[in-house]
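As a plain string of letters, each chain reads:
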Amino acid sequence: TLTILRDITENKKTRLAIIAARDQAQKANLAKNEFLANMSHELRTPMNAILGFSNILLESPMGDSERQYLKMVIESGEHLLSIINDLLDISKIESNRLTITHAPFNPVDLIKEVAASFNKQASEKNLKLFYEIDPLIKNRLNGDAQKIKQVLFNLVGNALKFTEKGVVTLKAQLAKETKDPLRQIIKISVSDTGIGISADKQAEIFNIFYQGDLSMTKKYQGTGLGLAIVKRFLDALGAPVKVESEPGKGSIFSFEIELAAAEAPQAPDGKIVPAGETAGPPRRV
Ligand code: ADP
């Protein structure tokens, strides 16, 4: 017989030390996210009062320059609030506290609402903003409308931000047939005719705090959190984001999401409203 004796004490010690270090790092990371989530939450509450009362104040009589100052307070406040909201989302994602809801919503209304909220911004930059909705898309689907909306807010916001001239289009199409007639795969895309993104940057843009090159960062305001949130939300929804772009020509961000038709709501008189009602022809904003 052959007996091999080996002293594994050192080995074991090293392994234990590595495990302890990993646990320590995980704990620290958790604490950081916990802190970030709590702080963002605490920062949001007073912001609501600041913005709310500033808007009320705007209704009272005041001089032109006072009005101008107050408008700047509101604008900066809104910007700050959107950064705080992004931080809150990132901290939720990082600490695995992202929850997905499934509730009936109207995808047509959702697209219209997103498009309408950017109307002013588009016309201020002299850009055309279009939306197009496939009439075959059911108007009652089950899903996380809030997350889809936030994704679209980020994508349309970026499209307008990084486009100096031309068109931004928000489109929802039926992507392909499903075997189940009560399920639809919808392709949603946001395209622009803006500065575009080079091939080597197309994966990087989804990293937290990525902001293009530094000369750009000075020109375009932002935090580099928007697309990181988009990517993580869409991954959680099982609808990975795709980007196609050519520098100088524009970009298309898209995703395909499978959604189930929601049950028809009971109308007050007891009649059932059909779930398959269609959305009507494409419209211009
Ligand atoms: P932010 O817009 O706050 O800088 P994002 O995470 O939304 O952060 O975007 C990251 C970077 O990706 C941007 O700084 C920009 O360089 C690039 N980018 C995003 N959307 C577009 C777009 N539609 N066209 C060109 N570049 C874009």
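Preceding this paragraph is the structure being described.
Residues numbered from 1 in each chain as written. Predicted model: local features only at pLDDT ≥ 70, side-chain atom pairs only at ≥ 80, totals over all residues. Heavy atoms only, no water.

1. Regarding the site of the ligand
Around the ligand there are 20 residues in total, and Asn158, Lys161, Asp192, Thr223 and Leu227 lie nearest to it. Asn158 places a side-chain nitrogen or oxygen 2.8 Å from an oxygen atom of the ligand. A distance of 2.8 Å separates an oxygen atom of the ligand from a polar side-chain atom of Lys161. Sorting the residues of the shell around the ligand by element identifies helix H5 (145-161), helix H7 (226-236) and strand S7 (250-261) as the ones contributing at least two each. Broken down by element, the shell around the ligand gets its largest block of residues, three residues, from H5. Here the shell around the ligand is composed, by residue class, of nine nonpolar, nine polar and two charged. (Near = heavy atom within 4 Å. Polar contact = N/O pair within 3.5 Å; in protein donor to acceptor, adjacent residues only side chain to side chain. Helix = DSSP H or I, 4+ residues; strand = E, 2+ residues; numbered from the N terminus. Nonpolar A, V, L, I, M, F, W, Y, C, P; charged D, E, K, R; others polar.)

2. Structural notes on the pairing of strand S6 (residues 242-246)
Residues of S6 alternate between two faces, with Val243 and Ser245 buried on one and Lys242, Glu244 and Glu246 left unburied on the opposite face. Where S6 meets S7, five bridges bridge the pair, whose relative direction is antiparallel. Opposite Glu244, over in S7, you have Ile252 as the bridge partner. Linking S6 to S7, which pair antiparallel, is a turn of three residues; within it Gly248 sits at a positive phi near 85 degrees. (Buried < 20%, exposed > 50% of the residue type's maximum accessible area, 1.4 Å probe, protein only. Pairing = 2+ DSSP bridges.)

3. Some remarks on empty space enclosed by the protein
For the coordinates displayed, the defined rule picks out one cavity of 30 Å³ or more. Its volume calculated, the largest cavity comes out at about 70 Å³. Surrounding the largest cavity, Phe105, Pro107, Leu110, Ile111, Ile148, Ala172, Ile186, Ile188, Ile257 and Leu259 form its lining. Elements with a minimum of two residues in the lining of the largest cavity: helix H3 (107-117), strand S5 (183-192) and S7. Its residues placed into classes, the lining of the largest cavity shows ten nonpolar, no polar and no charged. (1 Å grid on protein atoms, 1.4 Å probe; cavity = no way out; pocket = protein on both sides within 12 Å on 5 of 7 lines; lining within 4 Å. Points joined across faces, edges and corners; volume = space filled by probe spheres on them.)

Any functional reading would require information that these geometric values do not contain.
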